[in-house]
Amino acid sequence: MEASAGQSSVPAASAFDKSRVLDVRPLRTLVPMFPNPPQAPPFVCSSPFGPFPSGFSPFYPFSAAQGAQVTPEAEDQQGDPHLRAPNQDGGFETPAAAVPLRSFGTPQMGAGAHFSGASNGDTSSSLGIGGDGFTHSGKRSAPRQRGSNSFQKKGRKVRDPASAEAAKRALQNSALGLSPAQKEDGDREVVKYVLLKFDAIRRRLSQLEDSKEAPSALIRRADLKSGNIMLTAGIRTNARKRIGVVPGVEIGDIFFFRMELCVVGLHAPSMAGIDYMITSGEMGEEPLAVSIVSSGGYEDDAEDKDVLIYTGQGGNLGGGVNRRKDKEVSDQKLVRGNLALDRSSRRGNEIRVVRGIKDSFNPLTKVYVYDGLYKIQEAWVEKAKVGANSFKYKLVRVPGQPSAFAVWQSVQRWKAGNASRAGLILPDLTSGAESIPVSLVNDIDDEKGPSYFTYLPTVRYSKSFNLSEPSFGCNCVKECSAGDLNCSCIRQNGGDFPYTANGVLVSRKQLVYECGPSCPCFPSCKNRVSQSGLKVRFEVFKTKDRGWGLRSWDPIRSGAFICEYAGEVIEKAKLDGDGGGNNDYIFDTTCAFDHSFKWNYDPALINEEIDGESNEEYDIPLPLVISAKDAGNIARFMNHSCSPNVFWQPIVYEHNSESIIHIAFFAMRHIPPMTELTYDYGVSPSEHRRKQCLCGSPKCKGYYG
């Protein structure tokens, strides 16, 4: 009996030969058929980014949120003929613009990616690299259940940080959004603002991950999540692709995550090593390369400071984790990025070069250095070590640009002892007081060093200086753990561990409470960041017009601890009675500081609801004045700037039943090697203490102190 239409029937066993192999194709290989009745509009197949015919609307997240209005700048980008990619027929289509990464799954490494698989922002969490870009050990436990007796964090509810609705509400309820002009073309201040917001979100997501408070759907790549939130909220700049200089990005700038390159418009792809755009020329439309990232994923020759031999993408020719074992090696093809580099070699346009350099503090990660503009001088095909053909491009640095990669090479030679530091006076001015030597250098004039002082690694109190509510230390065994609300030190910090797993400060606070000598936890406890000494190699150097200054041989990431301000705590009355003539080495908490400076993350962007605004104003119960004139450490050499790259944070820990306040310095943003470290001295109420400022910043007030 035949089955009626729409019903399923099972034939008898005798109805077919079981030994016969059926030719069954997977459904994904079939051509989809779409109904097109007369009463329905025809099926439309258009780019996700438009343009769209009348009666059809783009769908979120490819163009705009459902029900949202498309901005004029978005419409301009959709129709821009210079932003189109080649299709299979040789024509050009509008390429996928940078969209929130939550639209896709966790990216797998493809053969076309030209980057180091172990670098920040470039690998999945299978390598054990956490959201802060550093490797974490140990197993992740299930989220801790809080009982009614445990300490509860006040005024905060956490939802999924990737929520698009959170980002949209943040734009509606705050002034975070940039203007259309700033999104299209940035400047130095806009670039710094975008990077500051990116890292603030990333640090907070890393903190949630460390404390096991992140929602179960949150992946461990906090850098990708932060980039997703930024792009969704429209907090980005230099969105328009361009050849040559990117406004606001300076040669020598460093980045610890590939997504940082994306949000400032330096290099759009978060994984691929070649970025390109479509231009119109005499021969019609053709792709031109605008930037490349060289980070060791292929057989590049990147040792020369002015010449880079760059390998094309594709062919599964990468080394290490870039090599896919399930895919055969093949010749590289002259398509996409390779084609763009080939056309650029003929047109001679400038190409931005970003070099990925192994992080000396974590060999599994990279630091990305913008090395300036290059031009392709030569291109050829070469047989790779694995036997397939690869494209090679010789890029030569455009003359007259500031040094960037060359500075890194010089520092490495000094560290290895292969070259002597010009102007070196002392290899270690601390005389062993610090675990890492601090050089004294003068390559400006004949001065042999600063006036004599006693090196003191920490602050020294001449009398008791207690807080009104002293803490009594923790009762943790071995070391304190993020998320453990039984730890009294964590409770003092409002229930949050103040640092990420790799020792980066998450947020500015009124006071940061660290474990002290009275706590039973190990000295290696991660809540003793400011007590473990210097982390990088510093040098005190002679400046051209501001005396002696301080800088680092190593890159410093945003939020990293630099040093504390060491010296003798003195009475405020003694400073006021000095007449202002002896305050060159004074730190005074009573000075007026820039209250407009905001470094912390914006809770609305990650869908946190907090009662009241996040307070970044310090709360020191008594005036604190530290003199480093006769005794101090390297902090005494940090000069003032009205646009500083370092900020101070009061830290408290207990010693001998006394709560002692320390002034610790942290990096405000990523600081490249050999960049002078500066902070805001503030302005004293006493005009006689003020001095002329020579910082040279566009925001210079003209005086300080």
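Residues numbered from 1 in each chain as written. Predicted model: local features only at pLDDT ≥ 70, side-chain atom pairs only at ≥ 80, totals over all residues. Heavy atoms only, no water.

1. Brief notes about the overall build of the chain
To keep things clear, this is the line we draw: Helix and strand assignments follow DSSP, with helices taken as H or I runs no shorter than four residues and strands as E runs no shorter than two, numbered in order from the N terminus. To sort residues, take the accessible area from a 1.4 Å probe on protein chains only and compare it with the maximum for the residue type: under 20% means buried, over 50% means exposed, and anything in between is partly exposed. Working rule for contacts: check all heavy atoms of both residues, and any pair within 4.5 Å makes them a contact. Each accessible area is a Shrake-Rupley estimate made with a 1.4 Å probe; only the visible protein chains count as cover when residues are assessed.
Scanning the chain from terminus to terminus reveals ten helices and 28 strands. The burial tally for the chain puts 50% of its 705 residues in the buried class. In the chain, once contacts between residues fewer than 6 apart in sequence are set aside, the share between residues at least 24 apart is 69%. A total accessible area of about 33700 Å² is found for the chain, and carbon and sulfur atoms account for 52% of it.

2. Describing the nonpolar core
Here is the rule we go by: We define the nonpolar core as a collection of buried residues of types Ala, Val, Leu, Ile, Met, Phe, Trp, Tyr and Cys that are connected through side-chain atoms lying within 4.5 Å of one another.
Membership of the largest hydrophobic core comes to 48 residues, with the highest contact counts inside it found for F538, Y565, M638, F665 and L677. The set of elements that each furnish at least two residues to this core consists of strand 15 (538-542), strand 16 (548-552), strand 17 (561-564), strand 24 (646-655) and strand 25 (658-667). At five residues, the largest contribution of residues to this core is made by strand 25. Grouped together as the second largest cluster of nonpolar side chains are 43 residues, L224, I229, M230 and L373 included.

3. Considerations on the confidence of the model for the chain
Any residue range with low pLDDT should be treated as having predicted coordinates unsuitable for detailed reading. Selection criterion: One confidence number per residue, pLDDT, is output by the predictor and ranges from 0 to 100.
With 70% of its residues at a pLDDT of 70 or more, the chain shows a mean pLDDT of 78. In this model residues 18-50 is a low-confidence stretch, pLDDT under 50, and it forms 21 contacts with partners more than four residues away in sequence or in other chains. Contacts of residues 55-152 to residues separated by more than four positions or lying in other chains number 225 contacts, the stretch itself having pLDDT below 50.

4. Comments concerning helix 5 (residues 222-233)
Convention followed: Residue count minus one, scaled by 1.5 Å, sets the expected span of a helix.
Spanning twelve residues, helix 5 covers 16 Å between terminal C-alpha atoms, matching the ideal 16 Å at 1.5 Å per step. For helix 5, the tally of buried residues reaches twelve of twelve residues, placing the bulk of the element in the interior. For helix 5, the full list of buried residues reads A222, D223, L224, K225, S226, G227, N228, I229, M230, L231, T232 and A233. Directly beyond the C-terminal end of helix 5, a positive phi value near 75 degrees is found at G234.

5. Details of the pattern of salt bridges
Worth spelling out the cut-off: Within this document, salt bridges are pairs made up of a side-chain nitrogen of Lys or Arg and a carboxyl oxygen of Asp or Glu, the two lying within 4 Å of each other.
Using the criterion set out here, one finds 32 salt bridges in the structure. When the shortest N-O distance is used, the salt bridge between D185 and R240 registers 2.7 Å. Within this pair, whereas D185 is found in the loop between helix 3 (180-184) and helix 4 (188-210), its partner R240 is found in the loop between helix 5 and strand 4 (254-255), the two being separated by 55 residues in sequence. Under the relative-accessibility criterion, D185 is labelled partly exposed at 31%. Of the charged contacts, one joins R546 and E676 as a salt bridge, the two residues approaching to 2.6 Å between their closest N and O atoms.

6. What about the environment of S291?
Stated formally: Under this definition, polar contacts are N or O atom pairs within 3.5 Å; protein pairs additionally need one hydrogen-donor-capable and one acceptor-capable atom, and for neighbouring residues in sequence, both atoms have to be side-chain atoms.
Mapped onto the elements, S291 comes out in strand 6 (residues 284-294). Along the backbone, S291 and H267 are 24 residues apart, and their C-alpha atoms lie at a distance of 6.1 Å. In contact with S291, not counting residues within four places along its chain, are L266, H267, G273, I274, D275, I351 and R352. Of note is the side chain of S291, whose polar atom sits 2.6 Å from the side chain of H267.

7. Topic: the sheet that holds strand 11 (residues 424-426)
In plain terms, the rule: Two strands are counted as paired when DSSP detects at least two bridges linking them. Helix axes use the C-alpha atoms of the stretch in contact, all axes being lines fitted to C-alpha atoms, and the angles between their N-to-C directions lie in the range 0 to 180 degrees.
Strand order across the open sheet formed by four strands is 11-12-15-16, with mixed pairing between neighbours. Each edge of the open sheet is held by one strand with a lone partner, namely strand 11 and strand 16. Direction aside, the axes of adjacent strands within the sheet are offset by 35 degrees on average. Two strands pair when backbone bridges link them, and strand 11 and strand 12 (residues 439-441) are joined in this way by two bridges, in the antiparallel orientation. Note on strand 12: the bridge partner recorded for L424 is V441.

8. Observations concerning helix 4
Between its first and last C-alpha atoms helix 4 spans 33 Å; for 23 residues at 1.5 Å apiece the expected length is 33 Å, and the two agree. Within helix 4, 20 of the 23 residues are buried, which leaves the element mostly enclosed by the surrounding structure. The first or second residue beyond helix 4 is K212, which carries a positive phi of 60 degrees.

9. Digging into the packing of aromatic side chains
In plain terms, the rule: Only Phe, Tyr and Trp rings are paired, with Trp represented by its six-membered ring, and only when their centres lie within 6.5 Å; those with planes under 30 degrees apart are stacked, over 60 edge-to-face, the remainder tilted. In this analysis the charged atom, NZ for Lys or CZ for Arg, is taken to sit over a ring once it is within 6 Å of the ring centre and within 35 degrees of the ring normal.
Counting across every chain of the model gives 19 aromatic pairs. Grouped by ring-pair contacts, the aromatic residues Y565, F587, F593, Y618, W648, F665, Y679, Y681 and Y704 constitute a single cluster. If you follow R551 out to its NZ or CZ, it ends over the ring of F541, 3.8 Å from the centre. The ring centre of F256 lies 4.9 Å from the NZ or CZ of R557, which sits over that ring.

10. A word on the side chain of D359
We count it as follows: In this tally, Asp and Glu contribute negative charge and Lys and Arg positive charge; neither His nor the terminal groups of the chain are included.
Its location among the elements puts D359 in strand 8 (residues 351-359). Of the side chains with opposite charge, R557 lies nearest to the buried D359, which makes no salt bridge, at 5.3 Å. At a separation of 3.0 Å, a polar atom in the side chain of D359 contacts the main-chain amide nitrogen of F361.

11. Considerations on the packing of helix 4 against helix 5
Our working rule: Roughly parallel refers to an angle under 35 degrees, roughly antiparallel to one over 145, roughly perpendicular to one between 65 and 115, and oblique to any angle outside these ranges. For any helix crossing, the convention is left-handed if the near helix is rotated counterclockwise from the far helix by under a right angle, and right-handed if that rotation is clockwise. Throughout, the ten residues Ala, Val, Leu, Ile, Met, Phe, Trp, Tyr, Cys and Pro are labelled nonpolar, Asp, Glu, Lys and Arg are labelled charged, and all others, Gly among them, are labelled polar.
Axis separation between helix 4 and helix 5 bottoms out at 8 Å; the angle between their running directions is 130 degrees. Judged by the inter-axis angle, helix 4 sits oblique to helix 5. Helix-helix and strand crossings are classified by hand; for helix 4 and helix 5 the assignment is right-handed. In this structure, helix 4 uses V194, K197, F198, I201, R202, L205 and S206 to contact helix 5, whose residues at the interface are A222, D223, K225, S226, G227, I229 and M230. Tallied by class, the residues present in the contact of helix 4 with helix 5 amount to seven nonpolar, three polar and four charged.

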